[in-house]
Amino acid sequence: MNVQKKAVCIMSGGMDSSLAAYMMKDEGYEIIGLHFNYEQRTQKKELEAFHKICKKLEVKDPYIVNLDFFSQLGASALTDKSISVPTSGVDEGVPVTYVPFRNGIFISLATAIAEKEGAELLVIGVVEEDSSGYPDCREAYIKSMQDSINLGTKDDTILEIKMPLVHLQKSEIVQEAVKRKVALELTWSCYQNEEKACGVCDSCRLRLKGFDLAGIKDPILYA
């Protein structure tokens, strides 16, 4: 009997992680959807988007993990409402929307789930070239995490961390998502609004620029 391969996909409800999950589904993996509520500004909207994408991908029993300590930690405009989300588009260096070591924490928890589920892949939709300058989105960092998690798990657990989008530009991500019929209208990228996307935060700017360069209209609503 053939046992279907499993991939734990870290899914925010955004365009990048949704595309990464669709790609793994197309490769024949059973998708184990994993979402984190970390007290981010758009937590409710992101969770809603995650559920809708999981339904499209026929994900059974998705994991939702609550990490409320991020609001205690603060230090990011996404989790600390006393820090404004920048809208000027001129941020240099690591922006204030960076959540300290977020992907490292996400990957660690995803590893535990992957080991429990007997998955061979852990999938994350990081984008290096066209990201917001987050240090935990770098390919070298994710590769080093792969080495570490395999040292810290059972000998018969061999996990690969896949980053299918890491070298793509946002316009290429849009084109690939359209080609694979990703439900882009269900995804959410805005850092600060939950009804209509603001259109001016860093994430909205990157998304809109990607759609513009791809020559495709973004199907979500903007303020």
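Residues numbered from 1 in each chain as written. Predicted model: local features only at pLDDT ≥ 70, side-chain atom pairs only at ≥ 80, totals over all residues. Heavy atoms only, no water.

Asker: Would you mind showing me how to read the environment of V94 here?
Answerer: Secondary-structure assignment places V94 in the loop between α3 (69-73) and α4 (102-117). Residue class for V94 comes out partly exposed when judged on its relative accessible area of 47%. C-alpha of V94 to C-alpha of G133: the two residues are 39 residues apart in sequence and 5.5 Å apart in space. Look past the residues within four positions of V94 in its chain and what remains in contact with it is G133 and P135. (Helix = DSSP H or I, 4+ residues; strand = E, 2+ residues; numbered from the N terminus. Buried < 20%, exposed > 50% of the residue type's maximum accessible area, 1.4 Å probe, protein only. Contact = heavy atoms within 4.5 Å.)

Asker: What exactly am I supposed to notice about helix α5 (residues 139-151) here?
Answerer: Within an α-helix, residues lying three or four positions from one another point in the same direction, as the helix has 3.6 residues per turn. Given a rise of 1.5 Å per residue, 13 residues ought to cover 18 Å, and the 19 Å separating the end C-alpha atoms of α5 matches this to within 8%. Every buried residue belonging to α5 is among Y141, I142, M145 and I149, and all of these are buried. Burial along α5 is one-sided: seen end-on, the buried residues are contained in an arc of 95 degrees. Exposed and oriented more than 90 degrees from the buried face of α5 are A140 and L151. (Expected span 1.5 Å × (residues − 1). Arc of directions from axis to C-beta.)

Asker: What am I meant to see in the state of the cysteines here?
Answerer: Should the sulfur atoms of two cysteines be covalently bonded, the bond is a disulfide. Summed over the entire model, instances satisfying the criterion amount to zero disulfides. Unpaired in terms of disulfides, C201 finds its nearest cysteine sulfur in C198, a separation of 3.6 Å. With no disulfide of its own, C204 lies closest to C201 among cysteine sulfurs, the gap being 3.7 Å. (Disulfide = S-S within 2.5 Å.)

Asker: Any chance you could explain the pattern of salt bridges here in plain terms?
Answerer: The full count for this structure, using the stated rule, is eleven salt bridges. We note a salt bridge from K25 to E58, for which the minimum N-O separation is 3.7 Å. Of this pair, K25 sits in helix α1 (residues 15-26) while E58 sits in the loop between α2 (43-56) and β3 (63-66); the two residues are 33 residues apart in sequence, bridging distant segments of the chain. Classification of K25 by relative accessible area gives partly exposed; the value is 32%. Of the residues examined, E58 reaches a relative accessible area of 60% and is grouped as exposed. Salt-bridge contacts for E27 lead to K162; the nearest nitrogen and oxygen are separated by 3.4 Å. With E27 in the loop between α1 and β2 (30-37) and K162 in strand β5 (residues 160-162), this pair connects stretches of sequence that are 135 residues apart. The exposure class of E27 is partly exposed, given its relative accessible area of 42%. (Salt bridge = Lys/Arg side-chain N within 4 Å of Asp/Glu carboxyl O.)

Asker: Where do I start with the packing of α4 against α5 in this structure?
Answerer: Think of two packed helices as two axes; the pair is described by the angle between the axes and how far apart they sit. One can describe the packing of α4 onto α5 by two numbers: an axis separation of 11 Å at closest approach and a directional angle of 35 degrees. Considering the relative orientation of α4 and α5, their crossing is right-handed. For the pair α4 and α5, contact is made by N103, G104, I107, S108 and T111 and by Y141, I142, M145 and I149, respectively. Class assignment of the residues belonging to the contact of α4 with α5 gives a composition of five nonpolar, four polar and no charged. (Axes fitted to C-alpha atoms, helices over the stretch in contact; angles between N-to-C directions. Left-handed = near helix turned anticlockwise from the far one by under 90°. Nonpolar A, V, L, I, M, F, W, Y, C, P; charged D, E, K, R; others polar.)

Asker: Just checking my understanding: could you explain unusual backbone geometry for this structure?
Answerer: Backbone geometry follows two general trends: most residues other than glycine have a negative phi, and most peptide bonds adopt the trans configuration. With a phi close to 45 degrees, D61 is a non-glycine residue in the positive phi region. Looking at the secondary structure, you find D61 in the loop between α2 and β3. Judged by relative accessible area, D61 falls into the exposed class, the value being 68%. The phi angle at K181 is positive, at roughly 60 degrees, despite the residue not being glycine. Examined against the element boundaries, K181 turns out to sit in the loop between α6 (170-179) and α7 (202-214).

Asker: Teacher, can you tell me more about the sheet that holds β3 here?
Answerer: Strand order in this open sheet of five strands is β3-β2-β1-β4-β5, and the pairing throughout is parallel. A single partner strand is all that each edge strand has here, and the edge strands are β3 and β5. In this sheet, neighbouring strand axes are inclined to one another by 25 degrees on average, regardless of whether the strands run parallel or antiparallel. Relative to β2, strand β1 (residues 6-10) is paired through five bridges, and the arrangement is parallel. Within the sheet, the bridge partner assigned to A7 lies in β2 and is I31. Of the strands in this sheet, β1, β2, β3, β4 (121-123) and β5 are in contact with α4, which crosses β1 at around 155 degrees. Running at roughly 155 degrees to β5, α5 makes contact with β4 and β5 of the sheet. (Pairing = 2+ DSSP bridges.)

Shape is all these values report; function is a separate question.
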